[in-house]
Amino acid sequence: LRPFVIARGTTNEFANLVVRVDLEGEAGYGEAAPSGKLTGESLREAATEILKWQQKPATAARALEDAEHVAGGHLRPAARSALVVAYLDALGHRRGRSLRALLNLPEGRIESSITLSLGPTAAVLAEAAARDAEGWRVFKVKLGGAYDEEVLRALRDQYPDRRIRVDANEAWTPDVAAQRLTLLERLEVELVEQPLPRDLLDETAELARRFDIPVIVDEALYDSGDALSLIERDVADGANIKLAKCGGPWEARRIVKVLRDHGWRVMMGCNLESGLGIAAAAAFAGALDYADLDAHVLLADQPFVGFSTPGGVVEAPEGPGVGVRPNPTLLLEPLQR
Ligand SMILES: [Mg+2]
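Below you will find a few notes about this structure. (Residues numbered from 1 in each chain as written. Predicted model: local features only at pLDDT ≥ 70, side-chain atom pairs only at ≥ 80, totals over all residues. Heavy atoms only, no water.)

Moving on, we get to the pattern of salt bridges. Applying the stated rule across the entire model yields 29 salt bridges. Taking the shortest distance from any N to any O, the salt bridge between R76 and E45 comes out at 3.9 Å. One end of the pair, R76, is in the loop between α3 (63–71) and α4 (77–95); the other, E45, is in helix α2 (residues 43–52), with 31 residues separating them in the sequence. With a shortest N-O distance of 3.0 Å, D202 and R233 are connected by a salt bridge. In this pair, D202 is assigned in helix α9 (residues 201–210) and R233 in the loop between α10 (224–232) and β11 (238–241), connecting sequence segments 31 residues apart. We classify D202 as exposed; its relative accessible area is 53%. We classify R233 as partly exposed; its relative accessible area is 44%. Here the salt bridges do not stand alone but share partners, grouping K140, K142, D167, E193 and D292 into one network. (Salt bridge = Lys/Arg side-chain N within 4 Å of Asp/Glu carboxyl O. Helix = DSSP H or I, 4+ residues; strand = E, 2+ residues; numbered from the N terminus. Buried < 20%, exposed > 50% of the residue type's maximum accessible area, 1.4 Å probe, protein only.)

So, in structure tokens, the structure goes:
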């Protein structure tokens, strides 16, 4: 992993959990990307919950039912999402259908942003140049540090026509946010994610009213219930959905519908996860206004193969299932019980 820096901290490596479901000879995989600060579960807790989840041997006839049972259950969101995706992946392999088709989502493709780590201007520009050379055309800048203004101005100077998005990860106070959003509008930034701490809903609503730039909530929204109450309070213009936050693709589909029904913009993002988790989220490519599905490219080694984003374009995989398989040259570490 390249060091990944946001307002909450720096990451050099991460460990996620891969769940495997065996369905009459077909294996299905799902990835749990728990993030204590976001999903309220540690890797160990996610593993314990998944292992405790008792059930009869999986059969193709019951796979959908089992997946629904998990989806409606009490596992915390990242663990739940991994299990649901694993069932649907196995079922997709049995039936020769993609996750997208099983979920009845539209076909489609969308340009994803590539996230540039928080850092001093020279470092951000160097990362932008490297990603530009790889074909990425939409930048998402992590702000909330000492260099915010300088970084943004330099990036805009360097890339006058580029779509640039900003994510503050809750770092600003209302006063700082108002200053920053004024600058973001001047620099024609496309959107701003979670400018304020998640519990400052009135203040976030005030920013969304005052400024034209779309305000997208991320940390403030987990599931469709949150979506409804945020919409009711007119808090923002759109929301960033993540499978690990909401508990899996069915709930994600429900959130998409709630947002669409109320004219909110739909973004799909990710935690730090491999091609397995990103490919599952990519099933939604045809249903999105914005995609931020880039974590797999941060990895030095790919534990799953079959999914890529050439030129930064995310396309809903054709399947079967999620559309990826374990990398045979890279062994997954079995969990120590
Ligand atoms: Mg975000």
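Within this structure, the stated rule accounts for two aromatic pairs. Consider the rings of Y29 and F304, whose centres lie 5.6 Å apart with planes at 65 degrees: the pair is edge-to-face. Taken together, the residues span a long stretch of sequence, with Y29 in strand β4 (residues 26–32) and F304 in strand β14 (residues 304–305) at a distance of 275 residues. Aromatic pair F139 and Y159: ring centres 5.1 Å apart, planes at 75 degrees, arrangement edge-to-face. Here F139 is found in strand β7 (residues 138–142), whereas its partner Y159 is found in the loop between α7 (148–158) and β8 (163–167), with 20 residues between them in sequence. (Phe/Tyr/Trp six-rings, centres within 6.5 Å; stacked < 30°, edge-to-face > 60°.)

Another aspect to go through is the coordination of the magnesium ion. Angles at a metal have ideal values that depend on geometry: 109.5 degrees with four tetrahedral donors, 90 or 180 degrees with six octahedral donors. Distances from the magnesium ion to its protein donors, D167 (OD), E193 (OE) and D218 (OD), fall at 2.0 to 2.3 Å. Donor residues binding the magnesium ion come from one chain and are separated in sequence as D-x25-E-x24-D. Here D167 is found in strand β8, whereas its partner D218 is found in the loop between β10 (215–217) and α10, with 51 residues between them in sequence. Here D167 matches D218 in class, with each residue buried. (Donors = N, O, S within 2.8 Å, 3.2 Å for Na, K, Ca; no water.)

Among the seven residues of β4, six are classified as buried, and the element is accordingly described as predominantly covered. As defined by bridge partners, strand β3 (residues 17–23) adjoins β4 across seven bridges and the pair is classed as antiparallel. Pairing of D22 across the sheet is with A27, part of β4. From the end of β3 to the start of β4, which pair antiparallel, there are two residues, and E24 there has a positive phi angle of about 45 degrees. (Pairing = 2+ DSSP bridges.)

With that settled, consider the packing of helix α8 (residues 174–186) against α9. In contact at an axis separation of 11 Å, α8 and α9 are set at 20 degrees when each is read in the N-to-C sense. One element, α8, and the other, α9, form an angle in the roughly parallel class. In this structure, the crossing between α8 and α9 has a hand that is right-handed. On α9, the residues that touch P174, A177, A178 and L181 of α8 are E203, L207 and R210. The class makeup of the residues in the contact of α8 with α9 is five nonpolar, no polar and two charged. (Axes fitted to C-alpha atoms, helices over the stretch in contact; angles between N-to-C directions. Parallel < 35°, antiparallel > 145°, perpendicular 65-115°, else oblique. Left-handed = near helix turned anticlockwise from the far one by under 90°. Contact = heavy atoms within 4.5 Å. Nonpolar A, V, L, I, M, F, W, Y, C, P; charged D, E, K, R; others polar.)

Let us now look at helix α12 (residues 249–261). Helix length check: α12, at 13 residues, gives a terminal C-alpha distance of 18 Å against a target of 18 Å (1.5 Å per residue), a fit within 8%. Of the positions making up α12, those classed as buried are P249, W250, E251, A252, I255, V256, V258 and L259. Looking at the packing, one finds that the buried side of α12 touches α3, α4, α10, β11, α11 (243–246) and β12 (265–268). Looking one or two residues beyond α12, the residue adopting positive phi is G263, at roughly 75 degrees. (Expected span 1.5 Å × (residues − 1).)

Turning next to the state of the cysteines. This model, assessed by the stated rule, comprises zero disulfides. The thiol sulfur of C270 is not disulfide-bonded, and the nearest other cysteine sulfur, from C246, lies at 13 Å. (Disulfide = S-S within 2.5 Å.)

Where empty space is left becomes clear once a probe the size of a water molecule has been rolled over the atoms. On inspection of all chains with the given rule, the structure shows two cavities of 30 Å³ or more. The computed volume of the largest cavity comes to approximately 80 Å³. As for the largest cavity, its lining consists of E31, A32, A33, A78, S81, V85, L243, A244, E273, L276, G277 and A280. Residue assignment for the lining of the largest cavity shows that the elements contributing at least two residues are β4, α4, α11 and α13 (275–282). Here the residues of the lining of the largest cavity sort into eight nonpolar, two polar and two charged. Estimated volume of the second largest cavity: approximately 40 Å³. Of all elements in the fold, only β7 and α7 reach the threshold of two or more residues within the lining of the second largest cavity. Grouping the amino acids of the lining of the second largest cavity by side-chain chemistry returns six nonpolar, three polar and two charged. (1 Å grid on protein atoms, 1.4 Å probe; cavity = no way out; pocket = protein on both sides within 12 Å on 5 of 7 lines; lining within 4 Å. Points joined across faces, edges and corners; volume = space filled by probe spheres on them.)

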